[in-house]
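# Descriptive analysis of the structure
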Amino acid sequence: MMTSLARITLALSLVAFPVAGAIAQAYPAKAIRVVVPFAPGGTSDIIGRTLGLRLSEAWKQPVIMDNRAGVAGSLGASIAAKSPPDGYTLLVGNVGPIAINNQIYTSVTLDPVKDFTPITPAVTAPQIVVVHPSVPAKTFQEFNALVRKQKGNMTYGSSGPGSISHLSAELYKRMTKTDMLHVPFKASAFITTALLAGEIDVVFSDMAVVLPHVQAGRLRALAVTGPKRTPLVPNLPTVAESGVPGFVMTSWWGMFGPAGVPQPIVTQLNTELVRILKTPEVHKTFATLGVDAANSTPEELGALVRSEVPKYAKLIAEIGIPKQ
């Protein structure tokens, strides 16, 4: 004989499965908003627009870009986190607003694990180390020697305390036991302008921002910060193979939703975005940015976030960056 509790459990399970199926079948029934937490024209914006356009084409629904710059990406991330968890608001999140900012800014109270639903990794990218042509270093090994000789007089630019460009340079300093003078800027465009003018010596930069200037001979590239060389500049060595073994600093971007997005919608989004990320057209577009398309499961993106948060917390504590 089936107990009363068993009958109730069975009845609820029979109801739950059709409801979950109905959610997946009905979605998407209207426009999807993709929050980009940075200004138009940057790497995050191009990633969002590239994926959004193809998502719109596949699902025959509008995909609207919503650029919400501020607090190093955390303003847009907060807007996305507070949106209804119905799959109609997505976030192009990257390492800054997801894994770093709540350790830098007192105004940022987001919990990177609890406040977002991971959907899929989208992009990984090394940085590129570039110097002004007046710097007398043709290789990263020569740059290492020059930094030691200058004893703190070399200047490097960054997007501000806690930015990936800042943390990369500080990690380099810690691993080599050297020193350089930090010059913070409000945006990567300002850093590049200052570097082109010779106002600073070196930048650990997103590749898309400076590679055109490298190709034009206005800046000199010395190395990339990833675990391996990139096909975009295959002859450029990594920092690790250029005298700093073990050095790796990689940026990443992923697609997130607010916490609580129903699993059937997460699965549907992940399946379609992974398909898009595997297309040759998207690979080609991303290659021009100096980034690699990445695709896997929501679980792997969640695991990445959980591993990155303590990693950067440790580095930030070691550097001694005060909260702003």
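Description of the structure in this document. (Residues numbered from 1 in each chain as written. Predicted model: local features only at pLDDT ≥ 70, side-chain atom pairs only at ≥ 80, totals over all residues. Heavy atoms only, no water.)

Looking now at the overall build of the protein chain. Helix and strand counts for the protein chain stand at 11 helices and 10 strands. Taken over the C-alpha trace, the protein chain has a radius of gyration of 22 Å; the compact-globule value for 324 residues is 20 Å, and the two agree within 12%. By principal-axis analysis of the C-alpha atoms, the protein chain measures approximately 85 × 40 × 30 Å. Burial statistics for the protein chain: of 324 residues in total, 51% are counted as buried. Counted over contacts in the protein chain with a minimum sequence separation of 6, partners at least 24 positions apart contribute 78%. Total accessible area computed for the protein chain in this model is approximately 14600 Å², and 61% of it derives from carbon and sulfur atoms. (Helix = DSSP H or I, 4+ residues; strand = E, 2+ residues; numbered from the N terminus. Rg over C-alpha atoms; globule rule 2.2 N^0.38 Å. Buried < 20%, exposed > 50% of the residue type's maximum accessible area, 1.4 Å probe, protein only. Contact = heavy atoms within 4.5 Å. Areas by Shrake-Rupley, 256 points an atom, 1.4 Å probe, with all protein chains shown as cover.)

Next up on the list: the side chain of Ser242. Tracing the sequence through the fold places Ser242 in the loop between strand E8 (220-224) and strand E9 (250-258). Filtering out sequence-adjacent residues up to four positions away, Ser242 remains in contact with Phe140, Gln141, Asn144 and Pro237.

Right, let's talk about the pattern of salt bridges for a bit. The final tally for this structure, using the stated rule, is 10 salt bridges. Arg33 is paired through a salt bridge with Asp66; the nearest N and O atoms lie 3.0 Å apart. Remark: Asp66 occurs in strand E2 (residues 63-67) and Arg33 occurs in strand E1 (residues 32-36); sequence separation between them is 33 residues. A residue is classified by how much of its surface remains accessible, and Arg33, at 23% relative accessible area, is partly exposed. The partner of Lys173 in a salt bridge is Asp179, with the nearest N and O atoms 3.2 Å apart. Overall, the relative accessible area of 12% leaves Lys173 in the buried class. (Salt bridge = Lys/Arg side-chain N within 4 Å of Asp/Glu carboxyl O.)

Here we come to unusual backbone geometry. Look at the link from Tyr27 to Pro28: it is a cis peptide, with omega at -5°. With respect to the helices and strands, the residue Pro28 is situated in the loop between helix H1 (4-26) and E1. Residues other than glycine seldom take positive phi values, yet Ala72 does so here, at roughly 55°. Residue position: Ala72 is located in the loop between E2 and helix H3 (74-81).

The subject of this paragraph is the packing of helix H7 (residues 188-196) against helix H8 (residues 207-215). One can describe the packing of H7 onto H8 by two numbers: an axis separation of 10 Å at closest approach and a directional angle of 25°. Viewed along their axes, H7 and H8 adopt a mutual orientation that is roughly parallel. The handedness of the crossing between H7 and H8 comes out as right-handed. In this structure, H7 contributes Ser188, Thr192 and Leu196 to the contact, and H8 contributes Val209, Val210 and His213. (Axes fitted to C-alpha atoms, helices over the stretch in contact; angles between N-to-C directions. Parallel < 35°, antiparallel > 145°, perpendicular 65-115°, else oblique. Left-handed = near helix turned anticlockwise from the far one by under 90°.)

Locating Lys82 in the fold gives a position in the loop between H3 and strand E3 (89-94). Taking the C-alpha atoms as reference, Lys82 lies 6.7 Å from Pro258; in sequence the two are 176 residues apart.

The next point concerns helix H9 (residues 263-277). Over its 15 residues, H9 runs 21 Å from end to end, which matches the ideal 21 Å to within 8%, given 1.5 Å per residue. Ile265, Val266, Leu269, Asn270, Glu272, Leu273, Val274, Ile276 and Leu277 are the residues of H9 that are buried. (Expected span 1.5 Å × (residues − 1).)

Take Leu55: it is sitting in helix H2 (residues 43-59). When its relative accessible area of 3% is taken as the criterion, Leu55 is described as buried. Excluding anything up to four places from it in sequence, Leu55 contacts Val63, Leu90, Leu269, Glu272, Leu273 and Ile276.

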